[in-house]
Structures are given as C-alpha cells and as structure tokens.
Amino acid sequence: MEKMREEFEAWCASIGFTLKPNAFDNGDYAMGYGWEEWNAWKASRSALCVKLPSPELGDCANGLIVDVGIALDQ
C-alpha cells in the first residue's frame, strides 16, 4: 500500500494538486484535498486484473508464472 500511496502523491505533485492531512491524524487526506482522489486511485488499482496462463507448461514455466504472480501482487 505504501508504494501505491507514493505513486499517488507523486502524480498529485506532478499536476500541482495540493494534498492535506485530515484533522484525525490517521494518515488519510482531508475532504476536498485528496480524500476523494486517493479513494478513486485505490479503487482503480484494485480493479486491475491480469489473467496468467495455466500452470501446465512444465517446471520452468510454472516457476515463471508463480514469480510473475508474486510480482503483480506487490
């Protein structure tokens, strides 16, 4: 989640958008200053779906498929 937040904050900075923490000091953003955008960003990332090939390709290919799956999860 931290990498996703870093990417979000970098994107906000690249377009000149100001982020402000909320008053609860819980790591979230204030309404109107990133809260809506952050939740949309998280939703867009969770909607990404990649279908990996069937792991019936032999030992070498199976290992590669597992490695790709782990990398995508990160």
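In what follows, the structure referred to is the one given above.
Below you will find a few notes about this structure. Everything numeric here is computed off the predicted structure, so don't read it as measured data. (Residues numbered from 1 in each chain as written. Predicted model: local features only at pLDDT ≥ 70, side-chain atom pairs only at ≥ 80, totals over all residues. Heavy atoms only, no water.)

## Quick notes on a nonpolar patch on the surface
The grouping of Leu64, Val68 and Leu72 at the surface amounts to a nonpolar patch, some 270 Å² of accessible area in total. Here Leu64 is to be found in helix α3 (residues 59-73). (Patch = residues over 30% accessible without salt bridge, like charges linked within 9 Å, V, L, I, M, F, W, Y side chains within 5 Å. Areas by Shrake-Rupley, 256 points an atom, 1.4 Å probe, with all protein chains shown as cover. Salt bridge = Lys/Arg side-chain N within 4 Å of Asp/Glu carboxyl O. Helix = DSSP H or I, 4+ residues; strand = E, 2+ residues; numbered from the N terminus.)

## Quick notes on the packing of aromatic side chains
Under the criterion given, the structure shown has 6 aromatic pairs. Measuring from centroid to centroid gives 5.1 Å for Phe8 and Trp38, while their planes differ by 50 degrees, and the two rings are tilted. Residue Phe8 is found in helix α1 (residues 2-14), and its partner Trp38 is found in helix α2 (residues 35-46); the two are separated by 30 residues along the sequence. Among the residues examined, Trp38 registers a relative accessible area of 2% and is labelled buried. Joined through ring pairs, the aromatic side chains of Phe8, Trp11, Tyr29, Trp38 and Trp41 make up one cluster. The lysine or arginine in question, Arg45, covers the ring of Trp41, its NZ or CZ lying 4.1 Å from the ring centre. (Phe/Tyr/Trp six-rings, centres within 6.5 Å; stacked < 30°, edge-to-face > 60°. Buried < 20%, exposed > 50% of the residue type's maximum accessible area, 1.4 Å probe, protein only. Lys NZ or Arg CZ within 6 Å of the ring centre and 35° of its normal.)

## Quick word on the side chain of Arg5
Within the element layout of this structure, Arg5 appears in helix α1. Glu9 provides the closest opposite charge to the buried, salt-bridge-free Arg5, at an N-O distance of 4.2 Å. At a separation of 3.0 Å, a polar atom in the side chain of Arg5 contacts the main-chain carbonyl oxygen of Gly27. Not counting residues up to four positions away in its chain, the partners in contact with Arg5 are Gly27, Tyr29 and Trp38. (Lys, Arg positive; Asp, Glu negative; His and termini not counted. Polar contact = N/O pair within 3.5 Å; in protein donor to acceptor, adjacent residues only side chain to side chain. Contact = heavy atoms within 4.5 Å.)

## Some details on α1
Given a rise of 1.5 Å per residue, 13 residues ought to cover 18 Å, and the 18 Å separating the end C-alpha atoms of α1 matches this to within 8%. Among the residues making up α1, those that are buried are Arg5, Phe8 and Cys12. Taken down its axis, α1 places every buried residue within 60 degrees of arc, on the same side. Away from its buried face by more than 90 degrees, α1 exposes Lys3, Ala13 and Ser14. Where α1 is buried, its residues contact α2. Looking one or two residues beyond α1, the residue adopting positive phi is Gly16, at roughly 80 degrees. (Expected span 1.5 Å × (residues − 1). Arc of directions from axis to C-beta.)

Nothing here speaks to function; it is all geometry.
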